[in-house]
Amino acid sequence: MMAVPIHIEQVVKTFGGRRVLDNVTLTIEAGELFFLLGPSGCGKTTLLRSVAGFCSPDAGVIRIGDLDVTHIPPHQRDTAMVFQSYALWPHMTVRENVAFGLEQRRLSRTEIARRVDAALDRVRMRDRADDRPNQLSGGQQQRVALARALVVEPKCLLLDEPLSNLDAQLRLEMRGEIRRLCREAELTTLY
């Protein structure tokens, strides 16, 4: 899949009279790994959620490639988001968690199996495919969350503080893994 840019133009979002996003304009180039930095409460997560479609801006335009996605539902945006909490289903195995998005897209069982195995290989978790999330370390759960995001072959990847629950050494290791995965998949990534 070819990487596409993300264009954010004059985006405004207000919660309870408080302007969280104030005319944000930003372009993330195709294939770029772009980092949003700032203190808690400055709007980083709100901006990510707006790009993902989980919250709608009050004003402005969000484009992924040439497509205006400002008012398109999340499942039609060709994005994938990795949350701080990982958001893994505890009752499902690693394989089932990774396959979930593909099943929702109604792909064939053969295609799902092929893509899940490839995603688990990519994050080096195929040997844990039959385990449940509670049997995994924080770093392993993070890898599963990344595999679940990558398996749907999104045009862009959105990462909301995905390493904050990990210890310092594991954070360092996973930063390198995220860079490697984004480069290999040629993904436009907003972190």
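Residues numbered from 1 in each chain as written. Predicted model: local features only at pLDDT ≥ 70, side-chain atom pairs only at ≥ 80, totals over all residues. Heavy atoms only, no water.

Looking now at the sheet that holds strand β2 (residues 18-28). With respect to topology, four strands assemble into an open sheet ordered β2-β1-β4-β5, the strand pairing being antiparallel. Pairing within the sheet leaves two strands with one partner each, and these edge strands are β2 and β5 (67-68). Summarising the sheet, strand β1 (residues 6-15) and strand β4 (residues 59-64) pair through five bridges and their orientation is antiparallel. Each bridged residue has a counterpart across the sheet, and for H7 the counterpart in β4 is R63. Along the sheet, helix α1 (residues 44-52) contacts β1, β2 and β4; its crossing angle with β2, the most-contacted strand, is approximately 65 degrees. (Pairing = 2+ DSSP bridges. Helix = DSSP H or I, 4+ residues; strand = E, 2+ residues; numbered from the N terminus. Contact = heavy atoms within 4.5 Å. Axes fitted to C-alpha atoms, helices over the stretch in contact; angles between N-to-C directions.)

What follows deals with the packing of helix α4 (residues 138-150) against helix α5 (residues 168-185). Packing of α4 against α5 leaves a shortest axis separation of 11 Å and a crossing angle of 15 degrees. Taken together, α4 and α5 sit at an angle that is classed as roughly parallel. In this structure, α4 crosses over α5, and the sense of that crossing is right-handed. Seen from α4, the contacting residues are G139, Q142, R143, L146 and L150; seen from α5, they are L170, E173, M174, E177, I178 and L181. When the residues that make up the contact of α4 with α5 are grouped by side-chain class, the tally is six nonpolar, two polar and three charged. (Parallel < 35°, antiparallel > 145°, perpendicular 65-115°, else oblique. Left-handed = near helix turned anticlockwise from the far one by under 90°. Nonpolar A, V, L, I, M, F, W, Y, C, P; charged D, E, K, R; others polar.)

Moving on, we come to the pattern of salt bridges. Summed over the entire model, instances satisfying the criterion amount to twelve salt bridges. Measuring nitrogen to oxygen at the nearest pair gives 3.8 Å for the salt bridge that ties K13 to D58. With K13 in strand β1 and D58 in the loop between α1 and β4, the pair connects residues that are 45 residues apart, well separated along the chain. Measuring nitrogen to oxygen at the nearest pair gives 3.1 Å for the salt bridge that ties R126 to D117. D117 gets classed as buried once you look at its relative accessible area, which sits at 18%. Sharing partners across several salt bridges, the network here consists of R95, D117, D121 and R126. (Salt bridge = Lys/Arg side-chain N within 4 Å of Asp/Glu carboxyl O. Buried < 20%, exposed > 50% of the residue type's maximum accessible area, 1.4 Å probe, protein only.)

Moving on, we get to unusual backbone geometry. With a phi close to 50 degrees, E153 is a non-glycine residue in the positive phi region. Tracing the backbone shows E153 in the loop between α4 and β7 (156-159). Even without being glycine, E186 reaches a positive phi, approximately 50 degrees.

Structurally, T79 can be placed in strand β6 (residues 79-82). Separated by 79 residues in sequence, T79 and L158 have C-alpha atoms that sit 7.2 Å apart. Every residue in contact with T79, bar those within four places of it in the chain, is listed here: V51, A52, I64, P154, C156 and L158.

Taking strand neighbours across the sheet as the criterion, the four strands line up as β3-β8-β7-β6 in an open arrangement whose pairing is parallel. Of all the strands in the sheet, the pair left with one neighbour each is β3 (33-34) and β6. As judged from the four bridges shared by β6 and β7, these two strands associate in the parallel manner. Pairing of T79 across the sheet is with C156, part of β7. On the sheet, α1 packs against β6, β7 and β8 (188-190) and is oriented at approximately 150 degrees with respect to β6.

With that settled, consider α5. At 3.6 residues per turn, the α-helix brings residues three or four places apart onto the same side. Between its terminal C-alpha atoms α5 stretches 26 Å, which fits the 26 Å expected from 18 residues at 1.5 Å a residue. Contacts from the buried residues of α5 go to α3 (109-122), α4, β7 and β8. Of the residues trailing α5, E186 is marked for its positive phi of about 50 degrees. (Expected span 1.5 Å × (residues − 1).)

Looking now at the side chain of T188. One can find T188 in strand β8. From its side chain, T188 meets the backbone oxygen of V4 in a polar contact 2.4 Å long. Reaching out from T188, the side chain makes a polar contact with the backbone nitrogen of G31 at a distance of 2.9 Å. Among residues more than four places away in sequence, those in contact with T188 are A3, V4, P5, I6, I28, E29, A30, G31, E32, K155, C156 and L157. (Polar contact = N/O pair within 3.5 Å; in protein donor to acceptor, adjacent residues only side chain to side chain.)

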